[in-house]
Structures are given as C-alpha cells and as structure tokens.
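Given next are the chains, with one letter for each unit.
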Amino acid sequence: RHEGRSVAIDEACVLYKPIVSTNVAGIHEQLKHQITGSIVRFDSEELTRAVSELIENPQLRQVYSENLKRDSVENRDELNEVLRILGVEIPAYAVI
C-alpha cells in the first residue's frame, strides 16, 4: 500500500493486461482511469465490482489492452527520441 511505484502494475502494463488498482499514491502516473485500467477507492465492494466488470466484459478488457499497447508504443517512441537527442546509439538487436 506504500510502494510508491507498483512493480506489479508495471509488469501487467508490459503484458498489456487489464488492470484494477486501488487509489494509492503514484497510481495515476502508472494508469489512466477508464483508459488503461480501473482505479477504485480502497474499498472491498468497489474493488469487487471493478474486477467483476472486467471478468464479465470482454470488450472492456480488449479496450484496456489496446490502450496499453498504444501507450507502450508512444512511450517507446518518446524514449527513442530522447536517446537520439542525447546521441546514444542503440544496437540493431536491442528492443526498446
């Protein structure tokens, strides 16, 4: 609850998995509510509702996954541009 940055959220994002998280510090830097995942109050009923919604709604899961993929590409492109500006050469085999 006091991680600062959730490694589990980062891992789920990399795998394009739909995410439900409680509204903890730092989560808004990792997720966009109702775009890449659901952010709910620290409340068992609200958390249950959000997880159930993902289970019952394959279209919502698909939307979150597609948005995570899109964000991943945008972030990679931004990183590549920063590295280019800094003059850092990326080997052809590197995946960034």
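Look up: the structure comes first, before these words.
Calculation rules
- Residues numbered from 1 in each chain as written.
- Predicted model: local features only at pLDDT ≥ 70, side-chain atom pairs only at ≥ 80, totals over all residues.
- Heavy atoms only, no water.
- Helix = DSSP H or I, 4+ residues; strand = E, 2+ residues; numbered from the N terminus.
- Polar contact = N/O pair within 3.5 Å; in protein donor to acceptor, adjacent residues only side chain to side chain.
- Buried < 20%, exposed > 50% of the residue type's maximum accessible area, 1.4 Å probe, protein only.

1. Overview of the side chain of S65
Alright, step 1. Looking at the element boundaries, S65 is found in helix α4 (residues 58–86).
Alright, step 2. Of the polar contacts made by the side chain of S65, one reaches the backbone oxygen of Y16; its length is 2.8 Å.

2. Remarks on unusual backbone geometry
Alright, step 1. If you check the backbone angles, Y16 has positive phi at about 60 degrees while not being a glycine.
Alright, step 2. Looking at where Y16 falls in the secondary structure, it is placed in the loop between α1 (7–14) and β1 (19–22).
Alright, step 3. Even without glycine at this site, Q34 takes up a positive phi of about 60 degrees.
Alright, step 4. Structurally, the position occupied by Q34 is in the loop between α2 (27–30) and β2 (37–40).
Alright, step 5. Among the residues examined, Q34 registers a relative accessible area of 57% and is labelled exposed.

Fair warning: the whole summary comes from geometry, so function is off the table for now.
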